[in-house]
2 protein chains.
Amino acid sequence: MTDSDKNTEKTILLSARKIFTIKGFDGARMQEIADDAGINKALLHYYYRTKDKLFEAVFKEVLNLIFPKIISILQSPIPVFEKIEKISLTYIEMLKQNPDLAIFVFHEISRNPRRLVENFRNAGIDFEIIRSQISLEAARGIIVPIKAEHLITNLISMCVFPFIAKPVLKGMMGMDEEAFQQFIEERKSVIPHTLILSLTPDK
Amino acid sequence: MTDSDKNTEKTILLSARKIFTIKGFDGARMQEIADDAGINKALLHYYYRTKDKLFEAVFKEVLNLIFPKIISILQSPIPVFEKIEKISLTYIEMLKQNPDLAIFVFHEISRNPRRLVENFRNAGIDFEIIRSQISLEAARGIIVPIKAEHLITNLISMCVFPFIAKPVLKGMMGMDEEAFQQFIEERKSVIPHTLILSLTPDK
DNA sequence: TCTACTTTTGACCACCTGGTTAAACTATTT
DNA sequence: AAATAGTTTAACCAGGTGGTCAAAAGTAGA
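Residues numbered from 1 in each chain as written. Chains lettered and ligands numbered in written order. Predicted model: local features only at pLDDT ≥ 70, side-chain atom pairs only at ≥ 80, totals over all residues. Heavy atoms only, no water.

Engineer: An account of the overall build of chain A is needed here, citing residue identities and associated values.
Structural biologist: Scanning chain A from N- to C-terminus turns up eleven helices and zero strands. Moving toward the C terminus, one meets the helices and strands of chain A in the order α-α-α-α-α-α-α-α-α-α-α. Its C-alpha atoms give chain A principal-axis dimensions of roughly 65 × 40 × 30 Å. Here chain A holds 203 residues, and the buried ones make up 51% of them. Partitioning the intrachain contacts of chain A with sequence separation of at least 6 by distance along the chain shows that 68% fall at a separation of at least 24. With an accessible surface of roughly 9800 Å², chain A has 54% of that area assigned to carbon and sulfur atoms. Placing the 27 positive and 26 negative side-chain charges of chain A at their respective mean positions leaves the two points 4 Å apart. (Helix = DSSP H or I, 4+ residues; strand = E, 2+ residues; numbered from the N terminus. Buried < 20%, exposed > 50% of the residue type's maximum accessible area, 1.4 Å probe, protein only. Contact = heavy atoms within 4.5 Å. Areas by Shrake-Rupley, 256 points an atom, 1.4 Å probe, with all protein chains shown as cover. Lys, Arg positive; Asp, Glu negative; His and termini not counted. Charge placed at Lys NZ, Arg CZ, Asp CG, Glu CD.)

Given below as structure tokens:
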């Protein structure tokens, strides 16, 4: 049945993402994924022939979750400050709803950097666009001059890092889960606030 | 001999850190570590009984590389702005000289969060000190009010994240290795600059 | 040289892993 | 109801893994 097909397939993909995220590619066991999906191990190989193929399927699904929104914001014709605000909001909200995404992607960074970079390229991010916008607004005195590389890195760092380092931050600063969620929610405004203050001319 | 003892032991530790960092705990093979150290696999188990023990030895070594400097800065009696500058400088320089540290620590975050948090606690970081300093300086009008959690998170995020996401950043922004090193060097001043601007009152 | 010791090695093993296979089950079509 | 095609399973396998062990090689003192 096409219906139960997609059900089983989706169930597998969901369990796979879960296990791959928690354990990493090498730590993940096909058996564990099968158990989590409530199916036989051989069925995994029936739908996704190998562990690699299964991982790749999960990976692509994850990328589609991450890129489209961010790219459309980055390339929309709005001022830099507005982009900063929108990206902070969108990025953090997305990570809040899929807290394991950051860890999953990071695992893949150290496992297979090339492929990830290729996917980034194919995703259609044109860094020149944002670079020229920043220098343009700087020339017009709207923002303080800054290299696009640093601004974007600052923005992404502050959005993503807390999700990667979550256990450490919670432990270090003595937050429980609720406090951490509150903390993350606050960052939606703290991050743009920080960056925009640092970029506003005329001190 | 105590001398060749320590040589072999150190060689093992070095190779272990290398392999563990590249492959993660699960991906690392005892055989590969032995090969890299130029010794027999059984010798690994002679010095460090199990894979876990070996990892733990590497882990402690890494922690000792990271913490002491940062902690002494955090708890020294200097203004917040100065702390921001010194930590950026020290942290980035340390990561520049040991670029794989960040990845190693992160791997451990997702493998065994509890132990890492415990080590952080035992390292003697007293978050209350920095918290009270920030609220004190804010009350005196030296800095804009901000939650210590956010300031510290911003600082650490911007310092550490580029080392974790290095391949992606290089690919996305079209940097070669030399350009990336230059980029990292610049961040020693960009990060404190960004934060201090955002914290300076009286706009 | 002999002895007691630590260090190093090759051979080995029990176990686990990803992957296969052939058979059983289900549903759809004729 | 028979044939066909797609789905699910239990049993199995070859290869790789961490870990062991007994013996060899090296070392130092008497």
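Engineer: Describe the packing of aromatic side chains, and please don't skip the residues or the numbers.
Structural biologist: The full count for this structure, using the stated rule, is 17 aromatic pairs over all chains. Judged by centre distance (5.8 Å) and plane angle (10°), the rings of F20 of chain A and F25 of chain A are stacked. Here the two residues F20 of chain A and F25 of chain A agree in accessibility, since each one is buried. Consider the rings of Y46 of chain A and Y47 of chain A, whose centres lie 5.2 Å apart with planes at 80°: the pair is edge-to-face. Residue Y47 of chain A is classed as partly exposed on the basis of its relative accessible area of 24%. Of the aromatic side chains, those joined through ring pairs into one cluster are F20, F25, F55, F59 and F104 of chain A. Against the face of F25 of chain A rests K51 of chain A, its NZ or CZ located 4.6 Å from the ring centre. Lying across the ring of F25 of chain B, R111 of chain B places its NZ or CZ 3.8 Å from the centre. (Phe/Tyr/Trp six-rings, centres within 6.5 Å; stacked < 30°, edge-to-face > 60°. Lys NZ or Arg CZ within 6 Å of the ring centre and 35° of its normal.)

Engineer: With reference to specific residues and values, describe the relation of the copies chain A and chain B.
Structural biologist: Superposing chain A onto chain B takes a rotation of 180° combined with a translation of 0.0 Å along the rotation axis, leaving an RMSD of 0.1 Å. Taken together, the rotation and translation relating the two chain copies correspond to the operation of a two-fold axis. For chain A, the residue whose C-alpha comes nearest the rotation axis is S198 of chain A, separated from it by 2.3 Å. (Least-squares fit on C-alpha atoms with pLDDT ≥ 70 in both.)

Engineer: Lay out the environment of I146 of chain A with the relevant residues and their values.
Structural biologist: Residues and elements named next belong to chain A. Considering the arrangement of structural elements, one finds I146 in the loop between α8 (127-139) and α9 (148-164). Its relative accessible area of 24% is what places I146 among the partly exposed residues. I146 has contacts with I134, L151 and L199, leaving out every residue within four places of it along the chain.

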